[in-house]
Amino acid sequence: MNNSGTRSRSKQNNSESQNSNSVDMPFNSERDINSTRTPTSKMHWWYEDRSSVLLLLFLYVLQGIPLGLAGSIPMLLASKSVDYKQQALFSFVFWPFSIKLLWAPIVDGAYIQSIGRRKTWLVPTQYVIGIIMFILSYKLDAILGGPVPDVWNLTVCFFILNFCAATQDIAVDGWALTMLSKKNVGLASTCNSVGQTAGYFLGYVVFLALESADFCNKYFRSADSHKEEGIVNLSGFMYFWAIVFIITTTLVMIFKKEDAQNTSEIDDTASKGVVSTYKLLFKIICLPNVLQYVVILLTAKIGFASESIVALKLIECGIHKETLAMLAIPLTPLQIALPVIIAKYTSGPRPLDIFLKAIRYRLIFTLLFAAFVHYTPSFKLQDGTFPYYYFAAVLIMYCFHQVTLYSMFVAVMAFNAKISDPHIGGTYMTLLNTVANLGGNWPSTLALWYVDALTTTNCVGGTSNLVYCSKEDKAVCESAGGMCVTTVDGYYVEAVLCLILGILWLIWKSDSTRKLQNVDPERWRCPR
């Protein structure tokens, strides 16, 4: 509902995305840690930086559009019965925001002076996004309309879209520091949070709602004007935003000038050199304590990998994809309030104690989600719909799940701030946050990849000699009068495995995680 978030979404994902990672639907919505900032507001900004604030807000909205669309694609694929390995392949499109640190020093340090430090990267990346969306708007019928969707080409296109969006994010974040006056620079965080969330909402919730024939017939059409399609389709939606990207990028390129003086005052990455920045990152990662902490961040979420499958299983059970997307609306206030509330408990010297406690409670939801998926078909009414109390139960369960998710998130952020070397705080924090995001992505992708391999389906009845019913054998089984029946669902196997791995991780890393909080702050400092 976005990500893992993860708005993680992927960034709001997004992060684990929403991050995450593969499906930013209710059970995989961690935010991208790198994109989370504390909003600040000034009452006089309207008179001093009005045009800059509005421009930043709009640029972040544009950034959220491809992220939201990427979050909606797995839902469309699930409705076309695409297998989980294909879903795992597509989940790689959520990775760019979690690994953007790999090319961030280049974006910060390399530019064409005559164009401008930030516009050197902003303009071409937004043009690429617009052009790819424009091409996709004409090719989507061929990619998605056939009996077997072309997931590979879809993944390549959306990976490029999100790669460009992540690069645009780096450029806009840097430009915000010089675009706004010094006393209003804190508004950049508000623009990021509000803009990207709005963009993701448009590309995900609004699109899935307007694309659904059932939703549009129920809420926007009279009883005698029902149609078999929604108000918009993916091709038309992408065509519209392609035009918006191309026109607005051209206007920014022509009319918006960069303040070269402010750029040199605020950001000296270019003077340090790209190579020097990479050397600094390598020095940080080689610190013994940092290396141990990196292992913890990369492995701590392995027990929650099966969460990325829950939304897809619910769609299999008959829940409409647009209904799941709409659950994001009532959860938004909770997702805004939780970091503020939890921060009161993680502001002390031992924030990772909260992190470990949250892991224990979150592991319980691994089994609760599995049980909920298992019993979902029993709630289905004769007309194929589900009662309101079912969705109320989903919402309540997910609210409690969000408490555990955000407790982990805020605790990690608090500890990262506590240990970061103040002389290079930005680089240090970004490195740790990137690792934390990656630690949510890879388990989810891996879980999706092996669902089908762990599933056993048998051919029951008929005259066929088939015992196991693979996807290729399904037609043979049914032509012989048989029926393919799933006897072992790989999702439930993974849920149990994740629970076991999560418990083993707690046994393995709980003590070392607590001990890291006792390390002398000087031992976290980067050698000069």
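Here the structure is shown first, and the text comes after it.
Each chain has its residues counted from 1, following the order in which its sequence is written. Reporting of local features is limited, given that this is a predicted model, to residues whose pLDDT is at least 70; pairs of side-chain atoms are given and counted only at 80 or more, and all residues count toward the totals for whole chains, interfaces and linings. Hydrogens and water molecules were not included; the side-chain quantities draw on all heavy atoms of the structure.

> Describe the overall build of the chain, naming the residues involved and giving the relevant values.
Segments assigned H or I by DSSP are reported as helices when at least four residues long, segments assigned E as strands when at least two residues long, and all are numbered from the N terminus. Counting its secondary structure elements, the chain contains 22 helices and two strands. For the chain, the proportion of its 528 residues judged to be buried stands at 54%. Accessible area for the chain stands at about 22800 Å²; split by element, carbon and sulfur atoms hold 66% of it. Throughout this description, buried means an accessible area under 20% of the type-specific maximum (1.4 Å probe, protein chains only), exposed means over 50%, and partly exposed covers the range between. The Shrake-Rupley method, run with a 1.4 Å probe, gives the accessible areas here. Residue values count only the displayed protein chains as cover.

> Pulling in residues and values, what's your account of the packing of aromatic side chains?
Between rings of Phe, Tyr and Trp, where Trp is taken as its six-membered ring, a pair exists when centres lie within 6.5 Å; planes separated by under 30 degrees are stacked, by over 60 edge-to-face, and by other angles tilted. All chains considered together, the criterion is met by 25 aromatic pairs. Ring geometry for F365 versus F369: centroids 5.8 Å apart, planes at 45°, classification tilted. Placement of the pair is F365 and F369 together in helix 18 (residues 351–375), with a separation of four residues, close to one helical turn. The same class applies to F365 as to F369, namely buried. For the pair F415 and W524, a centre-to-centre distance of 5.8 Å together with 85° between the ring planes defines the contact as edge-to-face. On the criterion of sequence distance, the pair formed by F415 in helix 19 (residues 388–419) and W524 in the segment after helix 22 (490–516) is long-range, its members being 109 residues apart. Accessibility assignment for this pair places F415 and W524 in one class, buried. Members of the aromatic cluster, joined through ring pairs, are F372, F379, F386, Y389, Y390 and F391.

> Tell me what's going on with the state of the cysteines, and back it up with residues and numbers.
Two cysteines form a disulfide when their sulfur atoms are joined by a covalent bond. We call a pair of cysteine sulfur atoms a disulfide when they lie within 2.5 Å. Taken as a whole, this structure holds two disulfides when the rule is applied. There is a disulfide in this structure between C459 and C477, and the S-S distance comes to 2.0 Å. Across the disulfide from C459 to C477, rotation about the S-S bond amounts to roughly 95°, and the bridge is consequently right-handed. Here C459 is found in strand 1 (residues 456–460), whereas its partner C477 is found in helix 21 (residues 474–479), with 18 residues between them in sequence. Of the two residues, C459 and C477, neither departs from the other in class, the shared state being buried. Linked covalently through their sulfurs, C469 and C484 form a disulfide whose S-S length is 1.7 Å. Of this pair, C469 sits in the loop between strand 1 and helix 21 while C484 sits in strand 2 (residues 483–488); the two residues are 15 residues apart in sequence, bridging distant segments of the chain. Of the residues examined, C469 reaches a relative accessible area of 8% and is grouped as buried. When the bonded cysteines of the chain are counted from the start of the sequence, the pairing works out to 1-3, 2-4.

As far as function goes, none of this settles anything; it's purely spatial.
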